[in-house]
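Breakdown of the fold
Next come the chains, spelled out residue by residue.
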Amino acid sequence: MLEIRGVSAGYGRLEALKSVDLTVAKGEVVFVVGPNGAGKSTLLKTVSGLMAPSAGTIAFNGETIAGEPPERLCCRGLALVPEGRSIFRTLTVEENLSVAAMIRSDRDAAAADRERVLDLFPILRSRYHGVAGHLSGGEQQQLAIARAILQRPLMMMIDEPSLGLAPLVIDQVYESLRQLNADGLTLLVVEQSTARILDLASRIYVLRNGHVALEGAACDLADGHALEEAYFGYG
Ligand code: ATP
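Since we're looking at a predicted model, the values are computed, not measured. (Residues numbered from 1 in each chain as written. Predicted model: local features only at pLDDT ≥ 70, side-chain atom pairs only at ≥ 80, totals over all residues. Heavy atoms only, no water.)

1. A closer look at the overall build of the chain
Filter applied, for reference: Only DSSP runs of H or I reaching four residues or more are called helices, and only runs of E reaching two or more are called strands; each is numbered from the N terminus. We compute the radius of gyration from the C-alpha atoms alone; for a globule the expected value is 2.2 Å times N to the 0.38, where N is the number of residues. Remark: exposure states derive from per-residue accessible area (1.4 Å probe, protein chains only) relative to the maximum for the residue type, with buried under 20%, exposed over 50%, and partly exposed in between. Using a 1.4 Å probe, the Shrake-Rupley method yields the accessible areas, and only the shown protein chains count as cover for residues. Only four residue types enter the charge count, namely Lys and Arg as positive and Asp and Glu as negative; His and the chain termini do not. Charged groups are reduced to one reference atom each: NZ for lysine, CZ for arginine, CG for aspartic acid, CD for glutamic acid.
Check the secondary structure of the chain and you find 8 helices and 10 strands. The C-alpha atoms of the chain give 17 Å as radius of gyration, which agrees with the globular expectation for 235 residues (18 Å, within 12%). Expressed as a percentage of the 235 residues in the chain, the buried residues total 48%. As displayed, the chain has an accessible area near 11,000 Å², and 51% of this comes from carbon and sulfur atoms. Separation between the mean location of the 22 positive side-chain charges and that of the 28 negative ones in the chain comes to 5 Å.

2. Digging into the sheet that holds strand E4 (residues 55-60)
Our working rule: Strands are treated as partners if at least two bridges between them are detected by DSSP. Note on definitions: a residue-residue contact is assigned when non-hydrogen atoms from the two residues lie within 4.5 Å. Each axis is a line fitted through C-alpha atoms, taken for helices only over the stretch in contact, and angles between the N-to-C directions span 0 to 180 degrees.
Pairing is antiparallel in the open sheet, where 4 strands are placed in the order E2-E1-E4-E5. Looking along the sheet, the strands with just one partner apiece sit at the ends: strand E2 (14-24) and strand E5 (63-64). Both E4 and E5 contribute to a ladder of 2 bridges, which runs antiparallel. The residue of E5 that forms the bridge with Phe 60 is Glu 63. Contacting strand E1 (2-11), E2 and E4, helix H1 (residues 40-47) crosses the sheet at an angle of about 115 degrees to E1.

3. As for the sheet that holds strand E6 (residues 78-81)
The strand order across the open sheet formed by 6 strands is E6-E7-E8-E3-E9-E10, and the pairing between neighbours is mixed. Each end of this open sheet is capped by a strand with a single partner; those strands are E6 and strand E10 (211-217). Pairwise comparison of adjacent strand axes, ignoring direction, gives a mean angle of 15 degrees for this sheet. Bridge analysis of strand E3 (residues 29-33) against strand E9 (residues 203-208) gives 4 bridges, and the strand direction is parallel.

4. Things to note about the layout of surface pockets
Here is the rule we go by: Cavity means a closed set of points on a 1 Å grid over the protein atoms alone, one where a 1.4 Å probe fits but cannot get out, pocket means an open set with protein on both sides within 12 Å along at least 5 of 7 lines, and lining means a residue has an atom within 4 Å of a point. Grid points are joined across faces, edges and corners, and a volume is the space filled by probe spheres set on the points. Lys, Arg, Asp and Glu make up the charged group, whereas Ala, Val, Leu, Ile, Met, Phe, Trp, Tyr, Cys and Pro make up the nonpolar group; the residues left over, Gly among them, are polar.
There is about 320 Å³ of room inside the largest pocket. If you trace the largest pocket, you find 18 residues lining it, with Ala 79, Leu 80, Val 81, Pro 82 and Gln 151 closest to the centre. Grouping the amino acids of the lining of the largest pocket by side-chain chemistry returns 12 nonpolar, 3 polar and 3 charged. Looking at the second largest pocket, its volume works out to about 200 Å³. For the second largest pocket, the lining is made up of 13 residues, of which Arg 116, Arg 152, Pro 153, Asp 183 and Leu 185 are closest to its centre. Its residues assigned to classes, the lining of the second largest pocket comprises 6 nonpolar, 2 polar and 5 charged.

5. Concerning the site of the ligand
Basically, it comes down to this: Here a residue counts as near a molecule or strand whenever at least one of its heavy atoms sits within 4 Å of it. Here a polar contact is taken to be a pair of N or O atoms separated by no more than 3.5 Å, where protein atoms must pair a possible hydrogen donor with a possible acceptor and residues adjacent in sequence count only if both atoms sit in side chains.
Near the ligand you find 14 residues, and of these Asn 36, Gly 37, Lys 40, Ser 41 and Thr 42 are the closest. Backbone polar atom of Ser 41 to an oxygen atom of the ligand: 2.8 Å apart, as the coordinates give it. When the ligand is considered free in solution it has 630 Å² of accessible area, and contact with the protein chains removes 62% of it. Elements with a minimum of two residues in the shell around the ligand: E2 and H1. Looking at which element gives the most residues to the shell around the ligand, the answer is H1, with 3 residues. Classifying every residue of the shell around the ligand gives 5 nonpolar, 6 polar and 3 charged.

6. Considering helix H6 (residues 137-149)
The condition that has to hold: Helix span, expected: 1.5 Å multiplied by one less than the number of residues in the helix.
End to end, H6 covers 19 Å across 13 residues, agreeing with the expected 18 Å (1.5 Å per residue, within 8%). Among the 13 residues in H6, 12 count as buried, and that is most of the element. Every buried residue belonging to H6 is among Gly 138, Glu 139, Gln 140, Gln 141, Gln 142, Leu 143, Ala 144, Ile 145, Ala 146, Arg 147, Ala 148 and Ile 149, and all of these are buried. Packing partners of the buried residues in H6 comprise E6, helix H3 (93-100), helix H4 (107-120), helix H5 (122-126), strand E7 (155-159) and helix H7 (167-182).

Structure (structure tokens):
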């Protein structure tokens, strides 16, 4: 579904991604993990059209997308939940969901999808008329994911969904990702920590200093040693 080949990207003279190869097949949950400054957010920004790569190719569903603006990629079925969640804090939960559904012309299906996300995240139903800025961190993360679902993506990219959340709340967010994947959504998830990813991941990439230091199936990395070595750069 997503094929990234030899992609480099950076900020001025700083090369934050150095010839990265990464693929995501339909139905997979692929995690990209790595320490601070490894290039994880830069990777998502480059795939989602917020940054142009300086080299390499990116294809989504067999079509080249590198350099396309985010709004066009969104219509192609690629949704991004950025770090920091980017919800409208002064709007209500209902209004946040309405804004996200604005690109939809299929009103009945959009209404059905809204019911579905409210079933998936019951807390959003109970806070429906409340201001989004008053939600807890975990609730805001759920709202951000709910907004992305309303775009009907084929693939969702999420930047650090567990950032700043308590362990129990992370469990809830991860459980919702598991349900979305079981319903057919392909996921590319960035996390700084490897702590909770093994149960949900199909495959894992470790990014360090802009390079892919390791790539493997979650089942082959289950004991954690190779992950730790690649993450910290031992050996
Ligand atoms: P974190 O887990 O801390 O969010 P990350 O793996 O997502 O880190 P990036 O945010 O992609 O890393 O940053 C990769 C490199 O690019 C870092 O050296 C960072 O300082 C640099 N960088 C990121 N954003 C900018 C920017 N807007 N301008 C200049 N340099 C940047």
